[in-house]
Amino acid sequence: EKIVAAELALFDRFLGVQENRRILFCGGGPVPISPVLMAVKDGNAQVTVIDQDAESCELAASILRLHPHLQNITVLPPVLVEDIQDMNQFDAIVLAAMIGSTQAQKVEIYTKIAGMIPTGKYLFTRSANPEGMSLFQYDQFPFDQLSSLYEQVVFQPVSPDVTVHT
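Small disclaimer: the values here were computed from a predicted structure and weren't measured.

**Student:** Teacher, can you tell me more about the environment of Ile93 here?
**Tutor:** Relative to the helices and strands, Ile93 is located in strand 4 (residues 92-95). Sequence separation between Ile93 and Tyr122 is 29 residues; the distance between their C-alpha atoms is 6.6 Å. If we skip the residues at most four places from it in the chain, Ile93 touches Leu24, Cys26, Met87, Ile113, Ile117, Tyr122, Leu123 and Phe124.

The structure is reproduced here in structure tokens:
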């Protein structure tokens, strides 16, 4: 809950305070806890969740059907981010920390998505805490490999630190 509150504060900081914010959450997984919390904490936001895994999308959608009061969150059928026709429709694009199993996959996915982000929009990218247990589950995002390519807002979910690379 604290992680999502911090992310929403980052959105306000970098995007300005907005009503009816449109958030694209890439890599929501089978249990989209963070997107749900975003939708609950910012009741005016419209959160769209995408994942390329069909089973993850089906399970996430079935969980949301159990909570009809969550009208402001949508799970799309399995889709790759490059299939999203208009990235300009979103105010914030969030890349989940667990996207890609290896650092090479993370770089490939990040580069693809970042290349689709319209000027003036931000890609908010989660990463594993370099000193935390999460590194046993998935690789830390290799921001050092990309820092010269894109302006970045780096938020490590288990750390209060926010790093902005420009």
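Following the structure, the description resumes.
**Student:** I keep staring at the pattern of salt bridges and nothing clicks. Help me out?
**Tutor:** When charged atoms on two side chains of opposite charge get close, those side chains can pair. Under the definition given, this model contains three salt bridges. Close ionic contact of Arg21 with Asp12 constitutes a salt bridge, the shortest N to O distance being 2.9 Å. Exposure remark for Arg21: the relative accessible area of 1% places this residue in the buried category. Where Asp91 meets Arg22, a salt bridge forms, and the shortest distance between an N and an O atom there is 3.0 Å. With a gap of 69 residues between them, Asp91 in the loop between strand 3 (73-75) and strand 4 and Arg22 in strand 1 (residues 22-26) connect regions that are remote in the sequence. A relative accessible area of 9% places Asp91 in the buried class. Linked by salt bridges that have partners in common, Asp12, Arg21 and Asp42 make up one network.

**Student:** Explain the pairing of strand 4 to me, please; I cannot follow it from the model alone.
**Tutor:** If a strand is regular, its side chains alternate between the two faces of the sheet. The side-chain alternation of strand 4 yields two buried faces, one formed by Ala92 and Val94 and the other by Ile93 and Leu95. For strand 1 and strand 4, the ladder comprises four bridges, and the chain directions are parallel. Directly across from Ile23, in strand 4, lies its bridge partner Ala92. Bridge analysis of strand 4 against strand 5 (residues 122-126) gives four bridges, and the strand direction is parallel. For Val94, the partnering residue across the bridge sits in strand 5 and is Phe124.

Conventions used here
Residues numbered from 1 in each chain as written. Predicted model: local features only at pLDDT ≥ 70, side-chain atom pairs only at ≥ 80, totals over all residues. Heavy atoms only, no water. Helix = DSSP H or I, 4+ residues; strand = E, 2+ residues; numbered from the N terminus. Contact = heavy atoms within 4.5 Å. Salt bridge = Lys/Arg side-chain N within 4 Å of Asp/Glu carboxyl O. Buried < 20%, exposed > 50% of the residue type's maximum accessible area, 1.4 Å probe, protein only. Pairing = 2+ DSSP bridges.

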